[in-house]
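So you can see what is in the structure, the chains are spelled out below.
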Amino acid sequence: MAARGSCPGCGSAALVEDAHYAQQQLVCAACGCVLAEGLLTTTYADEEHLREVAYSQSTGQKEQLSRCLQRGIRRVQDLCKVLQLPTVFEETAVSYFQRALQHTAFHLVSLEKKELLGGCCVFVTCRQHNWPLTMGTICSLLYAKQELFASVYLSLQKELGLSVPALSLADLVKTHLNSFRLFQHAADVPAPFVEDKEKMVTRTMQIVELASETWLVTGRHPVPIVTAAAFLSWQSLQPAARLTCTFARFCKLAGVDLPPPAHLRLKELLEILLRMASQLAWLRVFNMDKKTVVKHIGDLLQHRIFLLKNAFCLEDEEEQQRAAAPGEGSAGPPPVAGAAAQEEGCPSEGKRQREGGPRPLLPPCLINPRKRLRTAAPSASDSAITGDEPISDSEIKQYLRGPEEIRAFRKAKAWP
């Protein structure tokens with residue numbers, strides 16, 4: 001396309017625009033002189049005077065991105081490469097990061113939170129694509145505190161209105177066990193300690209499901225439970241060579257950290273397994289303890305539903321209410337002292353009931369309460385009320401709930 005003006009070299013008016021390597025240039029067709037480079041969008045007045053138009057004026061955007069945005073995008077891209085995520089994940093995470101920096105809620109946050117913002121975008125993208133990734137993995141790569149990362153993640157989810165599905169327990173087990181170094185031979189791992197990955201994942205999933213059915217997962221951090229379940233599954237696959245291995249040595253060989261509550265979760269799981277083992281006929285002749293029960297974990301998991309029903313009181317709520325409240329017209333037996341003591345949280349009575357017969361399947365915090373709630377001291381007005389005060393005729397209607405009670409009250413009132 002010819003342009004107005006003349007070549008300053010030869011004076012020719014044959015000026016054309018040529019795209020050389022996708023860059024617009026104004027070239028003289030007679031002598032080949034390049035008059036201007038980088039012409040993106042021009043007007044007739046600019047073409048007449050041979051003036052370049054800046055990129056920001058032609059597109060409405062700045063020529064260079066801000067330093068914070070450039071650094072954040074590189075951080076997101078590097079994080080996706082370290083995690084070996086697909087290209088689609090990287091593009092989605094970068095778009096979330098750009099949207100977040102344009103939002104006013106993230107303009108005045110600290111530099112530390114802005115650096116964590118890229119990791120939050122990657123974490124959200126993985127959750128939306130059902131890619132098993134934990135918050136602890138992201139925090140370890142970014143050397144960040146989980147509390148601060150969680151606050152930035154919740155702010156990002158709220159301000160951008162993102163829908164993030166929760167990570168299932170099965171995906172968490174697979175992700176956590178992927179980091180173990182016990183699935184291939186190494187110099188520091190003895191040969192009997194090497195285990196097949198699929199077998200260990202399958203048995204760990206079964207133990208975690210057992211923990212979920214026995215209230216061991218509710219309200220707890222999942223990583224200690226998964227670590228304890230992985231240790232039990234690893235021992236049960238080859239108990240002869242692995243029973244002497246301690247929990248701490250197992251985590252050291254696997255190359256994972258040992259969370260502080262993992263020992264408590266392991267103890268609770270062993271108590272459940274011992275309770276289930278007492279219901280198997282061929283195991284009652286043995287003196288089962290926390291080490292020997294590991295040998296029979298496969299049989300216990302195979303009959304898990306049956307053993308849980310026999311080892312614990314799994315009656316429905318209606319049956320429990322009928323047992324607690326006898327029918328009208330029949331004098332029911334008085335409540336057992338042991339059951340009343342357990343309701344009050346007495347550890348000794350709960351222990352005796354646990355050893356004697358099947359106990360209710362309750363969360364550990366209710367079976368062995370650590371702290372008792374302190375009752376507030378009664379006030380002067382409350383202490384003055386004894387419950388024997390007479391009820392006036394105007395208030396008696398508040399205590400009548402049905403027509404049968406009303407008829408009974410009238411009948412009693414008319415009785416001489």
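The structure displayed is predicted, hence computed values, not measured ones. (Residues numbered from 1 in each chain as written. Predicted model: local features only at pLDDT ≥ 70, side-chain atom pairs only at ≥ 80, totals over all residues. Heavy atoms only, no water.)

S.K.: Mind laying out the overall build of the protein, listing which residues take part and the relevant values?
M.R.: From N to C terminus, the protein includes 21 helices and six strands. Of the contacts formed within the protein by residues at least 6 apart in sequence, a portion of 58% connects residues at least 24 apart. When the accessible surface of the protein is summed, it comes to about 26700 Å², and 54% of that surface belongs to carbon and sulfur atoms. (Helix = DSSP H or I, 4+ residues; strand = E, 2+ residues; numbered from the N terminus. Contact = heavy atoms within 4.5 Å. Areas by Shrake-Rupley, 256 points an atom, 1.4 Å probe, with all protein chains shown as cover.)

S.K.: Just give me the short version of the environment of Leu 216, but keep the residues and values in it.
M.R.: Checked against the element boundaries, Leu 216 lands in the loop between helix 9 (197–213) and helix 10 (222–237). Residue Leu 216 is classed as buried on the basis of its relative accessible area of 4%. Remark: the alpha-carbon pair of Leu 216 and Leu 269, spanning 53 residues in sequence, is separated by 8.0 Å. (Buried < 20%, exposed > 50% of the residue type's maximum accessible area, 1.4 Å probe, protein only.)

S.K.: Give me the lowdown on the packing of aromatic side chains, citing residues and values where you can.
M.R.: All told, the structure shown has nine aromatic pairs when counted by the stated rule. Judged by centre distance (5.4 Å) and plane angle (80°), the ring pair of Phe 89 and Trp 131 falls under edge-to-face. Of the two residues, Phe 89 is situated in helix 4 (residues 87–102) and Trp 131 in the loop between helix 5 (111–128) and helix 6 (135–142); the sequence distance between them amounts to 42 residues. Plain terms: the ring middles of Phe 193 and Trp 234 are 5.2 Å apart, the flat faces sit at 75° to each other, and that makes the pair edge-to-face. Here the residue Phe 193 occupies a position in the loop between helix 8 (169–178) and helix 9, and Trp 234 occupies one in helix 10, the gap between them amounting to 41 residues. There is no split in this pair, since Phe 193 and Trp 234 are both buried. Taken together, the ring pairs connect Phe 180, Phe 193, Phe 231, Trp 234, Phe 247 and Phe 250 into an aromatic cluster. (Phe/Tyr/Trp six-rings, centres within 6.5 Å; stacked < 30°, edge-to-face > 60°.)

S.K.: How would you explain the nonpolar core if you had to name every residue and give the values?
M.R.: Counting residues in each nonpolar core, the largest one holds 54 residues, and the members touching the most others are Phe 180, Leu 232, Phe 250 and Leu 300. Those elements that place two or more of their residues in this core are helix 8, helix 9, helix 10, helix 12 (247–254), helix 13 (262–277), helix 14 (297–302) and helix 15 (304–311). The contacts of Leu 232, once residues within four sequence positions are left out, are Ile 207, Leu 266, Leu 269, Leu 270, Leu 273, Val 294 and Ile 297. The next biggest cluster of nonpolar side chains, apart from the first, holds 35 residues, and it includes Cys 126, Leu 160, Leu 162 and Val 164. (Core = buried A, V, L, I, M, F, W, Y, C linked by side-chain atoms within 4.5 Å.)

S.K.: Before we move on, could you go through the side chain of Thr 227 and cite the residues and values that matter?
M.R.: Tracing the backbone through its elements, the reader meets Thr 227 in helix 10. A relative accessible area of 0% means that Thr 227 is categorised as buried. Filtering out sequence-adjacent residues up to four positions away, Thr 227 remains in contact with His 176, Phe 247, Phe 250, Cys 251 and Pro 259.

S.K.: Describe the environment of Leu 270, naming the residues involved and giving the relevant values.
M.R.: Looking at the secondary structure, you find Leu 270 in helix 13. On the basis of relative accessible area, Leu 270 is assigned to the buried category, the value being 9%.

S.K.: Got a sec to walk through unusual backbone geometry? Specific residues and values, please.
M.R.: Even without glycine at this site, Gln 84 takes up a positive phi of about 55°. Within the secondary structure layout, Gln 84 lies in the loop between helix 3 (67–82) and helix 4. You can call Gln 84 exposed: its relative accessible area is 67%. Look at Tyr 143: it is not a glycine, yet its phi comes out positive at around 55°.

S.K.: Quick one: what's the story with the side chain of Arg 203, residue by residue and with numbers?
M.R.: Within the element layout of this structure, Arg 203 appears in helix 9. Within the buried set, Arg 203 has no salt-bridge partner at all; the shortest N-O distance to an opposite charge, 7.6 Å, is to Asp 299. (Lys, Arg positive; Asp, Glu negative; His and termini not counted. Salt bridge = Lys/Arg side-chain N within 4 Å of Asp/Glu carboxyl O.)

S.K.: Tell me about the pattern of salt bridges, and please be specific about residues and values.
M.R.: Side-chain pairing between opposite charges can occur once the charged atoms of the two side chains come close. Tallied over the full model, the rule gives seven salt bridges. Among the ionic pairs, Glu 195 bridges to Arg 242, the shortest N-O distance being 2.7 Å. Taken together, the positions of Glu 195 in the loop between helix 8 and helix 9 and Arg 242 in helix 11 (residues 239–242) put the pair 47 residues apart, joining distant regions of the chain. A salt bridge links Arg 220 to Glu 268; the shortest N-O distance between them is 3.1 Å.

S.K.: Could you give an account of helix 12, naming the residues involved and the relevant values?
M.R.: Given 3.6 residues per turn, any residue in an α-helix points the same way as the ones three and four places further on. Of the residues making up helix 12, those classed as buried are Phe 247, Phe 250, Cys 251, Leu 253 and Ala 254. Buried residues along helix 12 cover an arc of 165° about the axis, so they all sit on one side. Buried residues belonging to helix 12 abut helix 9, helix 10 and helix 13. Phi turns positive one or two residues past the end of helix 12, at Gly 255, with a value near 80°. (Arc of directions from axis to C-beta.)

S.K.: An account of the packing of helix 3 against helix 5 is requested, with residue identities and associated values reported.
M.R.: With their axes 9 Å apart at the nearest point, helix 3 and helix 5 run at an angle of 40° to one another. Comparing the axis directions of helix 3 and helix 5 gives the class oblique. Judged by the sense of rotation from one axis to the other, the crossing of helix 3 with helix 5 is right-handed. Counted together, Cys 68, Arg 71, Arg 75, Val 76, Leu 79 and Cys 80 of helix 3 and Leu 111, Lys 114, Glu 115, Gly 118, Gly 119 and Val 122 of helix 5 form the full contact between these two elements. Of the residues in the contact of helix 3 with helix 5, the class split is six nonpolar, two polar and four charged. (Axes fitted to C-alpha atoms, helices over the stretch in contact; angles between N-to-C directions. Parallel < 35°, antiparallel > 145°, perpendicular 65-115°, else oblique. Left-handed = near helix turned anticlockwise from the far one by under 90°. Nonpolar A, V, L, I, M, F, W, Y, C, P; charged D, E, K, R; others polar.)

S.K.: Now, about helix 8: what can you tell me, with residues and values included?
M.R.: Among all positions of helix 8, only Asp 171, Leu 172, Val 173, Thr 175, His 176 and Leu 177 are buried. Packed against the buried residues of helix 8 are helix 9 and helix 10.

S.K.: Account for the confidence of the model for the protein, naming residues and giving values.
M.R.: Looking at the protein as a whole, the pLDDT averages 77, with 73% of positions reaching at least 70. Predicted confidence is poor over residues 58–64, with pLDDT under 50, and the contacts of this stretch with residues over four places away or in other chains come to nine contacts. Contacts for the low-pLDDT stretch residues 315–321, under 50 throughout, to residues beyond four places or in other chains number one contact. (pLDDT = per-residue confidence, 0-100.)

S.K.: Give a detailed account of the environment of Asn 178, specifying residues and quantitative values.
M.R.: You can see Asn 178 is positioned in helix 8. With a relative accessible area of 45%, Asn 178 lands in the partly exposed category. Through-space distance from the C-alpha of Asn 178 to that of Lys 197 is 8.5 Å; in sequence the pair is 19 residues apart. Only 2.6 Å separates the side chain of Asn 178 from the side chain of Lys 197, close enough to count as a polar contact. (Polar contact = N/O pair within 3.5 Å; in protein donor to acceptor, adjacent residues only side chain to side chain.)

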